[in-house]
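The primary structure of each chain is shown beneath.
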Amino acid sequence: MSCEGSQQENRASAVGRADGAAALDEPRLRADADAGRVDAAAERPLVDLFAEARSVQCDDRLATGGWLRLAAPAKVNLHLEVGAADHRGFHHVDTVLHALALHDVLSMRLRPANPGAGLQLAVSARGRGDVQAPDVPGSQNIAHRAVETLARLLGRTHDELIELVIDKHVPAQAGLGGGSSDAAAALVGAARLWGIDPECPEVMEAARQLGSDVPFFLVGGAALFTGRGERLVRALQPRRGIVALVKPAGGVPTAQAYRAFDRLAAAGGGAPASAGGLLQRAVGAEEVPLFNNLAPASEQVLPELAEVRAWIGAQPGVREALLCGSGACTFAVCDSSEACLRLVGQAKARGWWARATSFAPLRAAVVG
């Protein structure tokens, strides 16, 4: 049954606003992150991990005119266990995903369109800092497809224009789920603009149709998924910790990583499966062992990933590290903010993209 027409102030939006407000109070780091220098004694301003996102939210062009703002957090896979392909070429996946404080910012608004025009979409993306906007037409952006998919499932045929601007802080082809999170945020935003409950079945169904990671961003925090990675088993208690992200210049298309995985499996060189029982018993994300049996295949697609992995493993203050999904970003759990920022600065000096962030209990949500 469609949720069309529900005008109530839905619980998901209320929680989303609370989540967003909490996000802006995430722990701050004292350092010159770009240079990797840490000076605990200096009375310099604290560097806010959300400063760039705030600056986007204060963009003069988007400050008025009924714009809705949403946060679309990045993610890492704490555990990614890929099974053999079935007769259709699909792989069974058990994975634990965890949201990060790093996020894209979406701005959306609804305007009337000419009679008979139906749903019209104007989607654009802007790179922020050292992150480039995806080089795809707006109509091919997954956030564009998200709004179209939800409208189709709801049977919505209103004459209206939705304008959507995406400010990219999460790099593409990194395994951080930037596009999937943007799609989830677009679903939440469209539901809010249309006055429906973002927790209605059509929203989750649209997420499943868009891709395996999209449903996670409607749940957020930390969660165990199975199937092709799109079926929620249960939410987990999120963990805490400072995280460094490091990505070389190249990317790893997911399809290429899976083809390399199949070749390795056929040759008997695939990574061994992990003990799945640990996942089934885990209550909190802290209990989940870091594991990714897709990583060897991704390193075949982009050999520089092995260099990044070895380099991170040799850095002081790194507790553990793992490739994010199919790559090409590697995340390192650090002992302290100082160790994290030092690693980020040194990674940038080597010509790699790098960012300091943290685990966070966030989901795609309205923040203003």
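Here we summarise the structure given alongside this text. (Residues numbered from 1 in each chain as written. Predicted model: local features only at pLDDT ≥ 70, side-chain atom pairs only at ≥ 80, totals over all residues. Heavy atoms only, no water.)

## Topic: the pattern of salt bridges
To keep it simple, the criterion reads: Between Lys or Arg on one side and Asp or Glu on the other, a salt bridge is scored when a side-chain nitrogen of the former is within 4 Å of a carboxyl oxygen of the latter. Per the convention used, a helix needs a DSSP run of H or I reaching at least four residues, while a strand needs a run of E reaching at least two, with both numbered from the N terminus.
A complete count under the given rule lists 16 salt bridges for this structure. One salt bridge connects Asp 167 with Arg 126, and the closest N-O pair in it is separated by 2.8 Å. Here Asp 167 is found in strand E4 (residues 160-168), whereas its partner Arg 126 is found in strand E3 (residues 119-127), with 41 residues between them in sequence. When the shortest N-O distance is used, the salt bridge between Asp 335 and Arg 319 registers 3.2 Å. Of the two residues, Asp 335 sits in the loop between strand E10 (330-334) and helix H11 (337-349) while Arg 319 sits in strand E9 (residues 318-323), which places them 16 residues apart along the sequence. In the salt-bridge network here, residues are joined through shared partners; they are Asp 104, Lys 168 and Asp 182.

## Regarding the side chain of Ser 180
The line we're drawing: Throughout this description, buried means an accessible area under 20% of the type-specific maximum (1.4 Å probe, protein chains only), exposed means over 50%, and partly exposed covers the range between. Note on contacts: a residue pair qualifies if any of its non-hydrogen atoms lie within 4.5 Å across the two residues.
Within the element layout of this structure, Ser 180 appears in helix H4 (residues 178-194). Its relative accessible area of 16% is what places Ser 180 among the buried residues. Filtering out sequence-adjacent residues up to four positions away, Ser 180 remains in contact with Asp 213, Val 214 and Phe 217.

## Things to note about the sheet that holds strand E11 (residues 353-358)
Applicable threshold: Strands are labelled as partners when DSSP assigns at least two bridges between them. Axes here mean lines fitted to C-alpha atoms, for a helix over just the part in contact, with angles spanning 0 to 180 degrees between N-to-C directions.
The strand order E9-E10-E7-E11 describes an open sheet built from 4 strands, whose pairing is antiparallel. Looking at strand neighbours, the two that pair on one side only are E9 and E11, the edges of this open sheet. Between one strand axis and the next, the sheet turns through 20 degrees on average, direction left out of account. Note: strand E7 (residues 242-247) against E11, 6 bridges, orientation antiparallel. Residue pairing in the sheet places Val 243 in a bridge with Thr 357 of E11. The sheet strands contacting H11 are E7, E9, E10 and E11, and the helix crosses E7 at an angle near 10 degrees.

## Comments concerning unusual backbone geometry
Here Gly 327 and Ala 328 are connected by a cis peptide whose omega angle stands at 20 degrees. Within the fold, Ala 328 resides in the loop between E9 and E10. Located in the positive-phi region is Gln 173, a residue other than glycine, with phi close to 50 degrees. Position of Gln 173 among the secondary structure elements: in the loop between E4 and H4. Judged by its relative accessible area of 44%, Gln 173 falls in the partly exposed class.

## Re the packing of helix H3 (residues 142-154) against helix H5 (residues 201-210)
Basically, it comes down to this: Each angle receives one of four descriptions, namely roughly parallel if under 35 degrees, roughly antiparallel if over 145, roughly perpendicular if within 65 to 115, and oblique otherwise. Whether a crossing is left-handed or right-handed is set by the direction in which the near helix is turned from the far one by less than a right angle, anticlockwise for left-handed and clockwise for right-handed. Residue polarity is assigned by list, with Asp, Glu, Lys and Arg as charged and Ala, Val, Leu, Ile, Met, Phe, Trp, Tyr, Cys and Pro as nonpolar; anything else, Gly included, falls into the polar class.
The interhelical angle for the contact between H3 and H5, taken along N-to-C directions, is 135 degrees, at an axis separation of 9 Å. Between H3 and H5, the angle is such that the two are oblique. Handedness of the H3/H5 crossing: right-handed. The segment H3 lies against H5, with Ile 142, Arg 145, Ala 146, Thr 149, Leu 150, Arg 152, Leu 153 and Leu 154 engaging Glu 202, Val 203, Glu 205, Ala 206, Gln 209 and Leu 210. Grouping the amino acids of the contact of H3 with H5 by side-chain chemistry returns 8 nonpolar, 2 polar and 4 charged.

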